[in-house]
Amino acid sequence: MADVRKAMGDVQDRLGIDRLLISPKLKAAAGQMLLDLYSQLIELPMSGQIVIRSAFEHHLEAVVHDPAGVPVKLYPWMPDPLGMPRTTIMIDPEVSFGAPVTAYRGVSTAVLMDLVDAGLSLDDLATEYGLSSEEVGDAIRFERAAA
């Protein structure tokens, strides 16, 4: 973690960015510079650099900024067999006080998990809340991973 902090500090100093991780500039040159410095600090081989860059790019796609560049919404990364970022779960401070919810209908992921734990099926929940089985499954996986 110290290496990440050092790389972030170096990039912030070089580019004059106060809060790099929430800056939209992270999607451009600042992000590439951060990854380059971090890779050097931990002596990451080229294969590792390719993997970390891919994960980083997926993370950046999950953050939504407002016109002023302030991050306002997050679609937490969920594993996908095709490697595409998922947008079925959303964290938005203006929806449900920032608690994770399904993106389409705003149903609490914690509530869905509790109902599955109580014995309801994914299909029953999907029908009841107007969600797809995929959305309910993602909510359950998200909650299990967060626990």
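Each chain carries its own residue numbering, running from 1 in the direction its sequence is written. Residues qualify for local features only when their pLDDT is at least 70, as the model is predicted, and side-chain atom pairs are given and counted only at 80 or more; totals for whole chains, interfaces and linings, by contrast, use all residues. Only hydrogens and water are set aside; all other atoms, that is, all heavy atoms of the structure, feed into the side-chain values.

A.B. asks: Can you lay out the side chain of Glu135 for me, pointing to particular residues and giving the numbers?
C.D. replies: The numbering of helices and of strands both runs from the N terminus, where a helix is a DSSP run of H or I of at least 4 residues and a strand a run of E of at least 2. Within the fold, Glu135 resides in helix H6 (residues 133-146). No salt bridge is formed by the buried Glu135; its nearest oppositely charged neighbour, Arg105, is found at 7.4 Å. If sequence neighbours within four positions are ignored, Glu135 has contacts with Thr88, Ile89, Thr102 and Tyr104. Summary of the burial criterion: residues with accessible area below 20% of their type's maximum are buried, those above 50% are exposed, and those between are partly exposed, where the area comes from a 1.4 Å probe applied to protein chains only. In this tally Asp and Glu are treated as negative and Lys and Arg as positive; neither His nor the chain ends contributes. Salt bridge, as used here: a side-chain nitrogen of Lys or Arg that lies within 4 Å of a carboxyl oxygen of Asp or Glu. We call two residues in contact whenever any of their non-hydrogen atoms come within 4.5 Å of each other.

A.B. asks: With reference to specific residues and values, describe helix H4 (residues 109-117).
C.D. replies: Buried within H4 we find Thr109, Leu112 and Met113. The arc that holds the buried residues of H4, viewed along the axis, is 100°, so those residues lie on one side. If you follow the buried residues of H4, they end up packed against strand E3 (89-90), strand E4 (101-102), helix H5 (122-129) and H6. Definition of a polar contact: a pair of N or O atoms within 3.5 Å, with one able to donate and the other able to accept a hydrogen when the atoms are protein atoms, and with sequence-neighbouring residues admitted only if both atoms are side-chain atoms. Looking at where H4 begins, the residue whose side-chain oxygen comes 3.2 Å from the main-chain nitrogen of Ala110 is Ser108. The arc under discussion is defined with respect to the helix axis, by the directions toward the C-beta atoms.

A.B. asks: Which residues make up the packing of H5 against H6, and what values go with them?
C.D. replies: Interhelical geometry of H5 versus H6 gives an angle of 115° and a closest axis separation of 8 Å. Taken together, H5 and H6 sit at an angle that is classed as roughly perpendicular. Our pair here, H5 against H6, has a crossing hand that is right-handed. Residue-level contacts link Leu122, Asp123, Leu125 and Ala126 of H5 to Ser133, Val136, Gly137 and Ile140 of H6. Residues are grouped as follows: nonpolar covers Ala, Val, Leu, Ile, Met, Phe, Trp, Tyr, Cys and Pro; charged covers Asp, Glu, Lys and Arg; every other residue, Gly included, is treated as polar. Residues of the contact of H5 with H6, tallied by class, amount to five nonpolar, two polar and one charged. Lines fitted to C-alpha atoms define the axes here, with helix axes fitted over just the stretch in contact, and angles between the N-to-C directions of these axes take values from 0 to 180 degrees. Just so you know how the angles are binned, under 35 degrees is roughly parallel, over 145 roughly antiparallel, 65 to 115 roughly perpendicular, and the rest oblique. What makes a crossing left-handed is the near helix being turned counterclockwise from the far one by less than a right angle; a clockwise turn instead makes it right-handed.

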